[in-house]
Amino acid sequence: MTGAASGRLPIHEQHLSEPGLVVLDITAADEATVHAVMTALDQLWAASGTLPTRRTPGEPGVGARVYADVRRRPGD
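(A) A look at the overall build of the protein chain. Scanning the protein chain from N- to C-terminus turns up one helix and three strands. The order of α-helices and β-strands along the protein chain, N terminus first, is β-α-β-β. Residues counted as buried form 21% of the 76 residues belonging to the protein chain. A separation threshold of at least 6 residues defines the contact pool for the protein chain, and within that pool the share at least 24 residues apart is 55%. By element, 57% of the accessible surface of the protein chain is carried by carbon and sulfur atoms, the whole surface being about 5,000 Å².

(B) Looking closely at the nonpolar core. The biggest cluster of nonpolar side chains holds eight residues, and these are Ile26, Ala28, Val34, Met38, Leu41, Val62, Ala64 and Val66. Counting only elements with at least two residues in this core, the list comes to β1 (21–28), α1 (31–44) and β3 (62–69).

(C) The pattern of salt bridges, seen in detail. Considering all chains together, one arrives at four salt bridges under this definition. With its nearest N and O atoms 2.8 Å apart, the salt bridge here joins Glu18 to Arg71. Separated by 53 residues along the polypeptide, Glu18 in the segment before β1 and Arg71 in the segment after β3 bring together distant segments of the chain. In this structure, Arg54 and Asp25 form a salt bridge, with 3.6 Å as the shortest nitrogen-oxygen distance. Separated by 29 residues along the polypeptide, Arg54 in the loop between β2 (46–47) and β3 and Asp25 in strand β1 bring together distant segments of the chain. The partly exposed category is assigned to Arg54, whose relative accessible area is 25%.

(D) Layout of the sheet that holds β2. In space, the three strands of this open sheet follow the order β1-β3-β2, with antiparallel pairing throughout. The open sheet is flanked by β1 and β2, the only strands paired with a single partner. Here β2 runs beside β3; their pairing, made up of two bridges, is antiparallel. By the bridge assignment, Ala47 is partnered in β3 with Ala68. Seen against the sheet, α1 touches β1, β2 and β3 and runs at an angle of roughly 155 degrees to β1.

(E) Here's a closer look at the side chain of Arg65. Here Arg65 is to be found in strand β3. Only 2.8 Å separates the side chain of Arg65 from the side chain of Asp25, close enough to count as a polar contact.

(F) Expanded view of the environment of Val22. Within the secondary structure layout, Val22 lies in strand β1. In contact with Val22, not counting residues within four places along its chain, are His15, Leu16, Val66, Tyr67, Ala68 and Val70.

What counts and how
- Residues numbered from 1 in each chain as written.
- Predicted model: local features only at pLDDT ≥ 70, side-chain atom pairs only at ≥ 80, totals over all residues.
- Heavy atoms only, no water.
- Helix = DSSP H or I, 4+ residues; strand = E, 2+ residues; numbered from the N terminus.
- Buried < 20%, exposed > 50% of the residue type's maximum accessible area, 1.4 Å probe, protein only.
- Contact = heavy atoms within 4.5 Å.
- Areas by Shrake-Rupley, 256 points an atom, 1.4 Å probe, with all protein chains shown as cover.
- Core = buried A, V, L, I, M, F, W, Y, C linked by side-chain atoms within 4.5 Å.
- Salt bridge = Lys/Arg side-chain N within 4 Å of Asp/Glu carboxyl O.
- Pairing = 2+ DSSP bridges.
- Axes fitted to C-alpha atoms, helices over the stretch in contact; angles between N-to-C directions.
- Polar contact = N/O pair within 3.5 Å; in protein donor to acceptor, adjacent residues only side chain to side chain.

What follows is the structure, encoded as structure tokens:
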């Protein structure tokens, strides 16, 4: 299974339309850890920031998705 059928969010083409754009799915034991990772990514690259977390019934952990441009630093 892929995409929504497996509990994962689908990836849209515009988020990967050129080299350097990435989609990162983060899963951790708790929301605090997911938020810490999103905050760290924001300090490395131009990223989508701290986004809402989600839980998938029947699967362990808390997840979130981050969109980033690894060619750009914060504030570029």
